[in-house]
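Architecture at a glance
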Amino acid sequence: MIRKTILAVGAAGQFAGLAVTALSELGARVRGFVRNAEHGNEAQRLGAAEVVIGDLRDLQSVDAALAGVDAVFYIAPAFLPDEAEVGTRFVDAVVRSGARRIVFSSVIHPVLAELVNHAAKAPVEAAILDSGLEYALLHPALYFQNYARGWPTVVESGVLAEPWSGETRFSRVDYRDVADVAAIALLDDRLLCGTFELFADGKLSREEVAELIAEVAGREIRAHRIDPDTLGDDANAMRPMFAYYDHHGLVGSSLTLRAILGREPRTLRAYFEELARKSKRATKAPHRAG
């Protein structure tokens, strides 16, 4: 059996790193494409057999990263200003390289023109469809992992705060399940030429998510709306998203994810229970003097 070499873009990232692990666990040889040596070390910790340092805007480094690979996992950096242009150039580079297959971790509903971070993925999908490459397009919902960074603050303060309406409903997904689907699509043929919406069960508002956290954490958690105008210039790229979320949710069915995985998708409650256990272990860890 020939061991496939897969290029994983952003291999040290919070999400692409999960794809690296999923692929390596299935026996693939993963080459990580990363920005610097520190990220390279992290990608190898996650399972990459080798790393190439470069930048998506530097075509020479992209070509070097793609040399000799069989397939590519691609996910764009969040809120990349020229995401569509960078992505379509990357697809062209994949074609030049001779790689046969690309799996693109896109986004739920890339047709939503009001959401620039969604609409920017549509030209990349079009480039893939026109490329002649074998492909799978993944449309995941909001990620469970987005709660990880703020978990300690939410539990300590008793407040779950986001800058849009607390009544809007969303489906969500554990990106580990998305990574498992990506690995199947890269190493097996059964998902070829498919576009797959990936959701766990549930269509929860912020109030309902707060109730779920409260049940897991064993304390009251209130849902709060942050005024986007208080967030400063750093939030400018996300303001159209906040405005959209004030009036429209993003929901879908778990049927496709369940069918692909052959098991139940991970649940948001189970994810919160993981976060709670990790926080408890971190609190109990003995302090070591420097």
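Here we summarise the structure given alongside this text.

Conventions and cut-offs
Residues numbered from 1 in each chain as written. Predicted model: local features only at pLDDT ≥ 70, side-chain atom pairs only at ≥ 80, totals over all residues. Heavy atoms only, no water. Helix = DSSP H or I, 4+ residues; strand = E, 2+ residues; numbered from the N terminus. Rg over C-alpha atoms; globule rule 2.2 N^0.38 Å. Buried < 20%, exposed > 50% of the residue type's maximum accessible area, 1.4 Å probe, protein only. Areas by Shrake-Rupley, 256 points an atom, 1.4 Å probe, with all protein chains shown as cover. Lys, Arg positive; Asp, Glu negative; His and termini not counted. Charge placed at Lys NZ, Arg CZ, Asp CG, Glu CD. Phe/Tyr/Trp six-rings, centres within 6.5 Å; stacked < 30°, edge-to-face > 60°. Arc of directions from axis to C-beta. Contact = heavy atoms within 4.5 Å. Core = buried A, V, L, I, M, F, W, Y, C linked by side-chain atoms within 4.5 Å. Pairing = 2+ DSSP bridges. Axes fitted to C-alpha atoms, helices over the stretch in contact; angles between N-to-C directions. Parallel < 35°, antiparallel > 145°, perpendicular 65-115°, else oblique. Left-handed = near helix turned anticlockwise from the far one by under 90°. Nonpolar A, V, L, I, M, F, W, Y, C, P; charged D, E, K, R; others polar.

**What to know about the overall build of the protein chain**
Within the protein chain, the secondary structure is distributed over 12 helices and 11 strands. Rg of the C-alpha trace for the protein chain: 20 Å, near the compact-globule value of 19 Å for 290 residues, within the 12% margin. Judged by the C-alpha coordinates and their principal axes, the protein chain covers about 55 × 50 × 40 Å. Counting across all 290 residues of the protein chain, residues that qualify as buried make up 47%. Summed over all atoms, the accessible surface of the protein chain reaches about 14,100 Å², with 52% contributed by carbon and sulfur. Averaging the locations of the 33 positively and 39 negatively charged side chains of the protein chain gives two centres separated by 7 Å.

**Points about the packing of aromatic side chains**
Geometrically, a pair of aromatic rings is defined through the distance of the ring centres and the angle of the planes. Taken as a whole, this structure holds 13 aromatic pairs when the rule is applied. Between the aromatic rings of phenylalanine 144 and tyrosine 271, the centroid separation amounts to 5.8 Å while the plane-to-plane angle is 45°, which identifies the pairing as tilted. With phenylalanine 144 in the loop between β7 (142-143) and α7 (151-157) and tyrosine 271 in helix α12 (residues 268-284), this residue pair connects regions lying 127 residues apart in the sequence. With relative accessibility at 6%, the residue tyrosine 271 sits in the buried group. With a centroid separation of 4.8 Å and 70° between ring planes, the pair formed by phenylalanine 170 and tyrosine 245 is classed as edge-to-face. Of this pair, phenylalanine 170 sits in the loop between β8 (159-162) and β9 (172-173) while tyrosine 245 sits in helix α10 (residues 239-245), placing them 75 residues apart in sequence. Under the relative-accessibility criterion, tyrosine 245 is labelled buried at 3%.

**What to know about helix α6 (residues 121-131)**
Along α6, the residues that are buried comprise Lys121, Val124, Glu125, Ala127 and Ile128. Here the buried residues of α6 occupy an arc of 160° about the axis, which is enough to place them on one side. Taken together, the buried residues of α6 touch β4 (71-74), α4 (83-97), β5 (101-105), α5 (116-119) and β6 (134-140). After α6 finishes, the residue glycine 132 shows a positive phi value of roughly 85°.

**Thoughts on the nonpolar core**
Counting residues in each nonpolar core, the largest one holds 52 residues, and the members touching the most others are Phe73, Val103, Leu138, Val181, Leu198 and Tyr245. In terms of residues, this core owes the most to one element, helix α8 (residues 175-187), which gives 9 residues. Counting 27 residues, the second-largest nonpolar core is a separate cluster that includes Val72, Tyr74, Val91 and Ile102.

**Quick word on the side chain of glutamate 162**
Structurally, glutamate 162 can be placed in strand β8. Owing to a relative accessible area of 13%, glutamate 162 belongs among the buried residues under this scheme.

**Quick word on unusual backbone geometry**
Phi at histidine 109 is positive, roughly 55°, even though this residue is not glycine. Its place among the elements puts histidine 109 in the loop between β5 and α5. On the accessibility criterion, histidine 109 (24% relative accessible area) is partly exposed. Its identity is not glycine, yet cysteine 193 carries a phi of approximately 65°, on the positive side. The residue cysteine 193 is located in the loop between α8 and β10 (194-198) in this model.

**Describing the sheet that holds strand β1 (residues 5-9)**
As summarised here, the arrangement of the 7 strands in space is β3-β2-β1-β4-β5-β6-β10, forming an open sheet in which the pairing is parallel. At either margin of the open sheet sits one strand with a lone partner, and together these are β3 (50-53) and β10. Taken pair by pair, the neighbouring strands of this sheet meet at an average axis angle of 20°, ignoring direction. Pairing between β6 and β10: 5 bridges, direction parallel. Looking across to β10, one finds that leucine 137 is bridged to threonine 195. α8 rests against β1, β4, β5, β6 and β10 of the sheet, and its axis sits at about 165° to β5.

**A closer look at the packing of helix α1 (residues 16-25) against α8**
For the pair α1 and α8, interaxial distance at closest approach is 8 Å and the crossing angle is 50°. Taken as axis vectors, α1 and α8 run oblique relative to one another. The handedness of the crossing between α1 and α8 is right-handed. Residues Leu18, Ala19, Ala22 and Leu23 of α1 form the contact with α8, whose own contacting residues are Tyr175, Arg176, Ala179, Asp180, Ala183, Leu186 and Leu187. For the contact of α1 with α8, the residue count by class is 9 nonpolar, no polar and 2 charged.

**Digging into the environment of glycine 27**
Within the element layout of this structure, glycine 27 appears in the loop between α1 and β2 (29-34). The class for glycine 27 is partly exposed, based on a relative accessible area of 35%. For the pair formed by glycine 27 and arginine 3, sequence separation is 24 residues and the distance between their alpha carbons is 7.1 Å.

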